[in-house]
Amino acid sequence: MKIRKEFIEKYKPASEILIKEFGSNINTAIIAGSGIAESIDTNKIVAEIDYDELSNLPKTSVSGHSGKAVLYTLDNINSIIFSGRFHYYEGRSIDEICSLVILSKLIGVEKLVITNAAGSLNPQHKTGDIMFIEDYIDFLFYKSNHIFFDENDFLVQNIKNNEFQSNIKLELTKNQIPYKEGVYAAVTGPNYETRAEIRMLRKIGADAVGMSTVPEIKAAISLNMNYLTFSLLTNSAKEVIQSVSHSEVIETAKNSFEKIRSIIEICIKNN
Ligand code: HPA
């Protein structure tokens, strides 16, 4: 399955700017979901570029998503952290939603870490838990202008047995950092789910729900990238809960900073 060539071409100029500013020796790219970028150790930030300066990248419009690429150096290993991503509910096109994955490929990273904040649907998972995404349900009802792949290509994009993800799980166990595993359902948003929607999502087998990540996973698979993906469960999408607020999501992310930072550092150091 190939991403249409014009989408790759579109982000080449931005990748050239990134390489010029950050160098070409970038090992890992991290797409940081709501509140997650703030967990990193600011002492290890070496340089930053606003998305505005990267040709053809859209603007972020959501609070908690600052819209910059950060060069992060840990033990002499260079990584790029994308603080802020693009969502379907912002009216973005499919290539814009996947632009950070395409850029990561173009700058030649070896590993991609896709993170998000999600609502937990599984009663055995708690707020603040990390859940590795083992499979997904895609409810992002793409419009025809969302055709992303070469024509006549309808292959299913299953998450494959992924060595990077398995290695990191082993490392987390060694470091006594607990994690969960589950199915992530991507919905369009921007509203959080109604009680009936939560009941439905549980019945169809979702363990977490969010508004991102699935198109990025598909792009990473198509581009043959070495990736892993996890959710930080920032709230419990229980039927009895009347509402979830974006500030609650950010607040939980704050409480999990230390754990997220450790996981990101383990991902960076793994090779
Ligand atoms: N639903 C959808 N998206 C989310 C949630 C949720 O409960 N929490 C964080 N992102």
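All figures in this text were calculated on a predicted structure; none of them were measured in a lab. (Residues numbered from 1 in each chain as written. Predicted model: local features only at pLDDT ≥ 70, side-chain atom pairs only at ≥ 80, totals over all residues. Heavy atoms only, no water.)

## What to know about the overall build of the chain
When you go through the chain residue by residue, the secondary structure sums to nine helices and nine strands. Classification of the 271 residues of the chain by burial places 55% in the buried group. Entry remark: accessible area of the chain is about 12,400 Å², with carbon and sulfur atoms responsible for 47%. (Helix = DSSP H or I, 4+ residues; strand = E, 2+ residues; numbered from the N terminus. Buried < 20%, exposed > 50% of the residue type's maximum accessible area, 1.4 Å probe, protein only. Areas by Shrake-Rupley, 256 points an atom, 1.4 Å probe, with all protein chains shown as cover.)

## Focus on the confidence of the model for the chain
Looking at the chain as a whole, its pLDDT mean stands at 87, while 87% of the residues score no less than 70. By mean pLDDT, the top-scoring element of the chain is strand β7 (residues 180-186) (97), and the lowest-scoring one is helix α8 (residues 246-255) (73). (pLDDT = per-residue confidence, 0-100.)

## Section: the site of the ligand
Taken together, the residues surrounding the ligand are Ala 117, Ala 118, Gly 119, Tyr 192, Glu 193, Val 209, Gly 210, Met 211, Thr 234, Asn 235 and Val 249. One of the side-chain N or O atoms of Glu 193 is found 2.7 Å from a nitrogen atom in the ligand. For the ligand, the protein covers 95% of the area, taking 260 Å² as the surface of the free molecule. In this structure, the ligand is accommodated by the second largest pocket. Elements supplying a minimum of two residues to the shell around the ligand: β5 (111-120), β8 (208-210) and β9 (227-236). Counted by class, the shell around the ligand contains six nonpolar, four polar and one charged residues. (Near = heavy atom within 4 Å. Polar contact = N/O pair within 3.5 Å; in protein donor to acceptor, adjacent residues only side chain to side chain. 1 Å grid on protein atoms, 1.4 Å probe; cavity = no way out; pocket = protein on both sides within 12 Å on 5 of 7 lines; lining within 4 Å. Sits in = over half its atoms within 2 Å of the grid points. Nonpolar A, V, L, I, M, F, W, Y, C, P; charged D, E, K, R; others polar.)

## What to know about the environment of Lys 68
Tracing the sequence through the fold places Lys 68 in strand β3 (residues 68-74). Between the C-alpha atom of Lys 68 and that of Ile 81, which follows or precedes it by 13 residues, the distance is 8.3 Å.

## Considerations on the pairing of β5
Most of β5 is tucked away: 10 of the 10 residues are buried. Bridging between strand β1 (residues 28-32) and β5 involves four bridges; their strand directions are parallel. Note on β5: the bridge partner recorded for Ile 31 is Ile 114. Examined bridge by bridge, β5 and β9 share nine bridges and lie parallel to one another. Looking at β9, one finds that Gly 119 is bridged to Asn 235. (Pairing = 2+ DSSP bridges.)

## A word on the layout of surface pockets
Size it by volume and the second largest pocket reaches roughly 330 Å³. Of all elements in the fold, only β5, β8, β9 and α8 reach the threshold of two or more residues within the lining of the second largest pocket. Per element, the largest residue contribution to the lining of the second largest pocket is four residues, and it comes from β5. (Points joined across faces, edges and corners; volume = space filled by probe spheres on them.)

## Notes on empty space enclosed by the protein
The tally for this structure, following the rule as stated, stands at one cavity of 30 Å³ or more. If you add up the space inside the largest cavity, you get close to 40 Å³. Here the lining of the largest cavity is built from residues that sort into six nonpolar, three polar and one charged.

## So, the packing of helix α5 (residues 163-174) against helix α9 (residues 257-269)
Put simply, α5 and α9 touch, their axes get as near as 10 Å, and they point 125 degrees apart. Compared by their axis directions, α5 and α9 come out oblique. As α5 packs across α9, the resulting crossing turns out to be right-handed. Note on element contacts: α9 touches α5 through Ile 263, Ile 266 and Cys 267, opposite Phe 164, Ile 168, Glu 171 and Leu 172. Of the residues in the contact of α5 with α9, the class split is six nonpolar, no polar and one charged. (Axes fitted to C-alpha atoms, helices over the stretch in contact; angles between N-to-C directions. Parallel < 35°, antiparallel > 145°, perpendicular 65-115°, else oblique. Left-handed = near helix turned anticlockwise from the far one by under 90°. Contact = heavy atoms within 4.5 Å.)

## With respect to the side chain of Asn 270
Turning to its location among the elements, Asn 270 is positioned in the segment after α9. For Asn 270, a relative accessible area of 15% puts it in the buried group. Here Asn 270 is in contact with Lys 111, Phe 164, Asn 167, Ile 168 and Glu 171, once residues within four sequence places are set aside.

## Focus on α9
Here α9 is 13 residues long and its end C-alpha atoms lie 18 Å apart, about the 18 Å a rise of 1.5 Å per residue gives. Buried within α9 are the following residues: Ile 260, Ile 263, Ile 264, Glu 265, Ile 266, Cys 267 and Ile 268. (Expected span 1.5 Å × (residues − 1).)

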